[in-house]
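Listed below, chain by chain, are the residues.
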Amino acid sequence: MTTPASSTADNHAWLRRQARWSPYELAFWLAVLIPFWVFPTYLTLASQIAITALFAVSVDLVLGYAGIVTLGHAMFFGLGAYAAGLLTKAGWGEPLSGLVLSGLLTALVGLLVSFMIVRVQHLALLMITLGLGLLTAELANSLGWLTGGTDGLQGVDVWPVFNHFEFDLWGYTAYAYALAALFVGVAAARRIVHSSFGLSLRGVRENLNRMPAIGSPWRRHLQIVYTISAGMAGIAGAVLTHTTETVSLDSLSFQRSADVVVMLILGGTGRLYGAILGAAIFMIARDQLSDMNPQYWYFWIGLLLMLVVLFMPKGILGGLSGLLRRLGG
Amino acid sequence: MSEIMLATQSVRKSFGSLEVARDVSIELPRGARHALIGPNGAGKTTLINLITGQLAPDGGRILLEGVDITHAPVAARVRRGLTRTFQINTLFPDLTPLESVVMAICEREGKAAQFWRPLTSHGDAIDEAHEILARLRLADEATRTTRHLPYGKQRLLEIALALATKPKVLLLDEPAAGVPKDESAMLFSVIDALPEDMTILFIEHDMSIVFTFASRIIVLVAGGVLLEADPDTVRSDPRVREVYLGSAHGH
Ligand SMILES: Nc1ncnc2c1ncn2[C@@H]1O[C@H](COP(=O)(O)OP(=O)(O)OP(=O)(O)O)[C@@H](O)[C@H]1O
Ligand SMILES: [Mg+2]
């Protein structure tokens, strides 16, 4: 970041370096395979983490890169979950096409909502996203004939993946499936953030006032990223449906929208892997702490959140990478 | 009679009871090197905000190459070739100059929304960014984070970002604001070397710079045009001496 570049070839090389897969990333994707052999009893938890991480990455695109603060993204997660569930109930249980269709549907809803989102900022933006989230959850609750209401959607029947891998009781297929979805999601998100589009999103986040002054149609950029993010969140929801063969109102809840923002702050926004780390910390903490004390485990998350915000303003991953840079000179 | 690139016609603006633009009518011919001067609070920045669309006028019209742009959005005016810089740095603190300028070029070329294409595949934009940064003596700082650049370099980046839009008309709001005197002369020599057919209006408080680089001077006082003339006429005008040159000046 500090080597002076005085020729255009240096500049090309510098930009290539920003986008390239780092050894840490490769190590990470190898490490996530460990649960298959070492902790098979935790495979269900591991799939939950992978699904939540995909959801968190989708929120990172809008919140971390484009600076759109949202408190209602569970709306897309839940819509995707219900879409995938209803599709199997309608007689089509093939999972991969189910993912694509659920993603397309939520992306379409995201596109419609985006016209409203890009017109407001700050508190109004929070209120609109919050309102839309609550509205969708209530709607799903009152449409009991369609969604199963508080009982959840029953009788979801998912066919084997590639017509071969059954979703088994131990969760091998589920984890492999969720992990593959996360990997594809991160690879797509990576490509987006390292494009000229990703650069313009950072521009919007860094200085919204300057964007029109360089001729940028920034509202359209925000609509595009919001649409993509909604689609990705919907796919995460659909993965949850496929791996658990049930959908509950909980998938649309405000709690889920708020939790994902907490995960992002914990892990660090605007760096994709921060979203994954935050999701992992949050889900593991919940799993471990709620065993000891189911009522009060949020106490510890609250404490951790405050410590991170105070001492690691760029999140845990941001703090770690800063430390590594300093150690490396 | 050369072609008029930018014209304001009786542009008016008030903030409450404060009139900051009173029937301002100015014209910039192609290739102009006009200076806009006036005491603090005269309404110079406001006039630029009105011309570029950051503020909507209460009345009057703004024409770019004869086309009425009074109601066009800011970004649309930029895409038509009307660009400004800011008196107070309006940069992207966490991006590098290279990234900022490449972004502005991709926006200009309508390629910014191509989310499926790696940034590194925009080779022409990256080369052009280097060329612009080199012209503004920023080549060695191209990959340093903007927030860590010395202030003078940040002022140059203000201009680099504007140039990346390929402006036909460039409005510079105190490009050397806050820059030490020796550096500001360098900065204006860079401005002076811009293509001759680019139409430039700059705001500047330092009269020696104004008289060196401007071919024509517009004097704005309390929101109204007091005088528009060549440097010699302005220098000797008694009204200008009284309201502007004579007054103790804060810059
Ligand atoms: N958005 C605003 N709302 C209310 N008053 C404003 C606003 N912007 C500017 N003003 C006032 O309008 C007057 C003109 O301001 P402007 O910034 O245009 O002056 P200027 O000529 O650029 O001065 P300087 O040389 O200090 O930059 C000032 O009195 C300022 O306080
Ligand atoms: Mg000003």
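Cut-offs used in this document
Residues numbered from 1 in each chain as written. Chains lettered and ligands numbered in written order. Predicted model: local features only at pLDDT ≥ 70, side-chain atom pairs only at ≥ 80, totals over all residues. Heavy atoms only, no water. Helix = DSSP H or I, 4+ residues; strand = E, 2+ residues; numbered from the N terminus. Rg over C-alpha atoms; globule rule 2.2 N^0.38 Å. Buried < 20%, exposed > 50% of the residue type's maximum accessible area, 1.4 Å probe, protein only. Contact = heavy atoms within 4.5 Å. Areas by Shrake-Rupley, 256 points an atom, 1.4 Å probe, with all protein chains shown as cover. Lys, Arg positive; Asp, Glu negative; His and termini not counted. Charge placed at Lys NZ, Arg CZ, Asp CG, Glu CD. Near = heavy atom within 4 Å. Polar contact = N/O pair within 3.5 Å; in protein donor to acceptor, adjacent residues only side chain to side chain. Nonpolar A, V, L, I, M, F, W, Y, C, P; charged D, E, K, R; others polar. Domains from an automatic or database assignment. Buried area = accessible area lost by both parts, 1.4 Å probe. Salt bridge = Lys/Arg side-chain N within 4 Å of Asp/Glu carboxyl O. Patch = residues over 30% accessible without salt bridge, like charges linked within 9 Å, V, L, I, M, F, W, Y side chains within 5 Å. Pairing = 2+ DSSP bridges. Axes fitted to C-alpha atoms, helices over the stretch in contact; angles between N-to-C directions. Donors = N, O, S within 2.8 Å, 3.2 Å for Na, K, Ca; no water.

### Concerning the overall build of chain A
No. 1: If you tally the helices and strands in chain A, you get 15 helices and 0 strands.
No. 2: A globule of 329 residues ought to have a C-alpha radius of gyration of about 20 Å, and chain A, at 20 Å, matches this closely.
No. 3: Across its three principal axes, chain A shows a C-alpha extent of roughly 65 × 45 × 40 Å.
No. 4: Put simply, chain A has 329 residues, and 52% of those count as buried.
No. 5: The long-range fraction of contacts in chain A, counting pairs at least 24 apart against all pairs at least 6 apart in sequence, stands at 79%.
No. 6: Summed over its atoms, the accessible surface of chain A is roughly 15,300 Å², and 69% of this surface lies on carbon and sulfur atoms.
No. 7: Mean positive and mean negative side-chain charge positions of chain A (18 and 15 charges, respectively) differ by 21 Å.

### With respect to the overall build of chain B
No. 1: Helices and strands together make up the secondary structure of chain B, namely 9 helices and 11 strands.
No. 2: A compact globule built from 251 residues would reach a C-alpha radius of gyration of about 18 Å, and chain B, at 18 Å, matches this within 12%.
No. 3: Dimensions of chain B, computed from the C-alpha atoms along their principal axes, are close to 60 × 40 × 40 Å.
No. 4: Going through the 251 residues of chain B one by one, you find that 56% of them count as buried.
No. 5: For chain B, restricting intrachain contacts to residue pairs at least 6 apart in sequence, the fraction spanning at least 24 positions comes to 67%.
No. 6: For chain B, the accessible area works out to roughly 10,000 Å², and carbon and sulfur atoms hold 51% of it.
No. 7: When the 27 positive and 32 negative side-chain charges of chain B are each reduced to one mean point, those points stand 3 Å apart.

### Describing the site of ligand 1
Residue and element names in this part refer to chain B.
No. 1: Around ligand 1 lies a shell of 14 residues, among which Gly-41, Gly-43, Lys-44, Thr-45 and Thr-46 are the nearest.
No. 2: Lys-44 is positioned such that a nitrogen or oxygen atom in its side chain is 2.8 Å from an oxygen atom of ligand 1.
No. 3: Taking 640 Å² as the accessible area of ligand 1 by itself, protein coverage stands at 61%.
No. 4: Among the elements that take part in the shell around ligand 1, helix 1 (residues 44-52) stands out by supplying 3 residues, more than any other.
No. 5: Considered class by class, the residues forming the shell around ligand 1 number 5 nonpolar, 7 polar and 2 charged.

### A word on the domain arrangement of chain B
It is common to report an interface's size as the accessible area lost on association of the parts.
Residues and elements named next belong to chain B.
No. 1: Segmentation of chain B into domains returns domain 1 (1-81 + 168-251) and domain 2 (90-166).
No. 2: Taken together, the contacts link 19 residues of domain 1 with 12 residues of domain 2.
No. 3: Note on domain 1 versus domain 2: buried area summed over both sides is about 1,200 Å², and carbon and sulfur give 70% of it.
No. 4: Seen at the junction of domain 1 and domain 2, the total is 0 salt bridges.
No. 5: Our count for the domain 1 to domain 2 interface comes out at 3 residue pairs in polar contact (both at pLDDT 80 or more).
No. 6: Counting only elements with at least two residues in the side of domain 1 that touches domain 2, the list comes to strand 8 (169-173) and helix 6 (181-192).
No. 7: For the side of domain 1 that touches domain 2, the leading source of residues is helix 6, giving 6 residues.

### Structural notes on a nonpolar patch on the surface
Residue and element names in this part refer to chain A.
No. 1: Together, Tyr-296, Phe-299, Trp-300, Leu-303, Met-306, Leu-307, Leu-310, Phe-311 and Met-312 make up a nonpolar patch on the protein surface, roughly 1,000 Å² of accessible area in all.
No. 2: Tracing the backbone through its elements, the reader meets Leu-310 in helix 14 (residues 297-311).
No. 3: Classification of Leu-310 by relative accessible area gives exposed; the value is 62%.

### Considering the interface of chain A and chain B
No. 1: Contact residues are listed per partner, giving 37 residues for chain A and 47 residues for chain B.
No. 2: Interface area, chain A with chain B, both sides summed: about 3,600 Å², of which 61% is carbon and sulfur.
No. 3: Considering only the side of chain A, the residues that lose the most area to chain B are Leu199(A), Arg210(A) and Ile214(A), jointly responsible for 19% of the buried surface there.
No. 4: In this structure, the connection of chain A to chain B is made through 2 salt bridges.

### Description of the sheet that holds strand 4 (residues 33-37) of chain B
Residue and element names in this part refer to chain B.
No. 1: An order of 7-8-9-4-10-11 is seen for the 6 strands of this open sheet, with the pairing classed as mixed. Edge positions in the open sheet fall to strand 7 (82-84) and strand 11 (224-229), since each of these has one partner strand only. Neighbouring strand axes in the sheet, compared pairwise and without regard to direction, differ in orientation by 20 degrees on average.
No. 2: Note: strand 10 (residues 216-221) against strand 11, 5 bridges, orientation antiparallel. Within strand 11, the position partnered with Val-221 by the bridge is Gly-224.
No. 3: Of the strands in this sheet, strand 7 and strand 8 are in contact with helix 5 (residues 151-163), which crosses strand 8 at around 160 degrees.

### Looking at the coordination of the magnesium ion (ligand 2)
Residues and elements named next belong to chain B.
No. 1: Summarising the metal site, the magnesium ion (ligand 2) is bound by the protein donors Thr-45 (OG1) and Gln-87 (OE1), whose distances to it range over 1.9 to 2.1 Å. You can see Thr-45 sitting in helix 1 and its partner Gln-87 sitting in the loop between strand 7 and helix 3 (97-108), a full 42 residues away along the chain.
No. 2: Classification of Thr-45 as partly exposed rests on a relative accessible area of 27%.
No. 3: For Gln-87, a relative accessible area of 28% gives the class partly exposed.

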